[in-house]
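Remarks on the overall topology
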Amino acid sequence: MTVGQQARGTTGGAAGAGRRRSRRDEILEIAVGLFAARGYHGVSMDDIGAAAGVTGPALYHHFAGKEAMLVAALIPVSEGLLDGGRERAAGHPDDPRAALESLIDFHVEFALANPAVIALHLHELDRLPDEPRRRIRRLQRLYVEEWVTVLTGLHPGMPAGEARVLAHAAFGLMNSTPFLGGEVERRRRATLLRSATLAALLAETA
């Protein structure tokens, strides 16, 4: 499963479950892990090739360079988060509490499955050229607005600006996964993150 599919919360059905990942996807996953661990400038194409077990020419067959890898990692994730967020919000059009719980479940699962991608979003997004960076920022803003719509439905009278503050605070909590150790097992971490996020967003703000 690619990171974009993980963000959407889907494997593409039975066919997707049985389909092997492409060599390109495998190389991209290795590159993402190296970027997250060492920083974008701390990783060379030779490092990625060595980790992936491929030579330079074979690596450049799949990607023009590190920048292309970063774009390939971040844009599908942003698209997948937006698609998944819209799907979950639309699943509860008359119940903002249920919509919020669904959004939280969705984002927590993504965050736990993709800590390296979250680290890239937090620390390496500005490495991108203007056009893909603007595209990702726009996708992120649209994703935030899905949360804003649900939060303003849950808290009548709350200004949209305040709902955005709460949404970003919730993302900060859920996107803490790159910094969590392994002393708490994954299922319990998910429960703690869901509970803490829901409590924060349900709290009275007056």
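Note: the structure precedes this text.
Before going into details, it helps to say that this report is about the structure given with it.

What counts, and at which threshold
- Counting from 1, residues in each chain are numbered in the order their sequence is written.
- The predicted nature of this model means local features are confined to residues of pLDDT at least 70 and side-chain atom pairs, given and counted, to a pLDDT of 80 or more, with totals for whole chains, interfaces and linings taken over all residues.
- Water and hydrogen atoms were dropped before computing side-chain values, which therefore reflect all heavy atoms in the structure.
- The rule is short: rings of Phe, Tyr and Trp, with Trp giving its six-membered ring, pair when the centres are within 6.5 Å, and they are stacked under 30 degrees, edge-to-face over 60, tilted in between.
- Strands are runs of DSSP state E lasting at least 2 residues, helices are runs of H or I lasting at least 4, and numbering of each runs from the N terminus.
- Burial classes: relative accessible area under 20% of the type maximum marks a residue as buried, over 50% as exposed, and values in between as partly exposed (1.4 Å probe, protein chains only).
- Two limits define a charge over a ring: the Lys NZ or Arg CZ must be within 6 Å of the ring centre, and within 35 degrees of the ring normal.
- Axes, fitted as lines to C-alpha atoms, cover a helix only where it is in contact. Angles between the N-to-C directions of the axes lie from 0 to 180 degrees.
- Angle categories: roughly parallel below 35 degrees, roughly antiparallel above 145, roughly perpendicular from 65 to 115, and oblique for all the rest.
- Note on contacts: a residue pair qualifies if any of its non-hydrogen atoms lie within 4.5 Å across the two residues.
- The nonpolar class holds Ala, Val, Leu, Ile, Met, Phe, Trp, Tyr, Cys and Pro. Asp, Glu, Lys and Arg form the charged class, and all remaining residues, Gly among them, are polar.

**A look at the packing of aromatic side chains**
Taken as a whole and judged by the stated rule, the model has four aromatic pairs. Ring geometry for Tyr 143 against Phe 171: centres 5.6 Å apart, planes inclined by 15°, an arrangement best described as stacked. Placement of the pair is Tyr 143 in helix α9 (residues 130-154) and Phe 171 in helix α10 (residues 160-174), with a sequence separation of 28 residues. A single burial state applies to Tyr 143 and to Phe 171, both of which are buried. The interplanar angle of 85° and the centroid separation of 5.2 Å between the aromatic rings of Trp 147 and Phe 171 together place this pair among those described as edge-to-face. Separated by 24 residues along the polypeptide, Trp 147 in helix α9 and Phe 171 in helix α10 bring together distant segments of the chain. Cluster of aromatic residues (ring-pair linked, three or more members): Tyr 143, Trp 147 and Phe 171. Note that Lys 66 overlies the ring of Tyr 40, its terminal NZ or CZ placed 4.2 Å from the centroid.

**Quick look at the packing of helix α6 (residues 66-90) against helix α8 (residues 115-123)**
Relative orientation of the contacting elements α6 and α8 amounts to 100°, with a least axis distance of 11 Å. One element, α6, and the other, α8, form an angle in the roughly perpendicular class. Mapping the contact onto sequence places Leu 70, Ala 73, Leu 74, Val 77 and Ser 78 in α6 and Val 117, Leu 120 and His 121 in α8. Taken together, the residues of the contact of α6 with α8 sort by class into six nonpolar, two polar and no charged.

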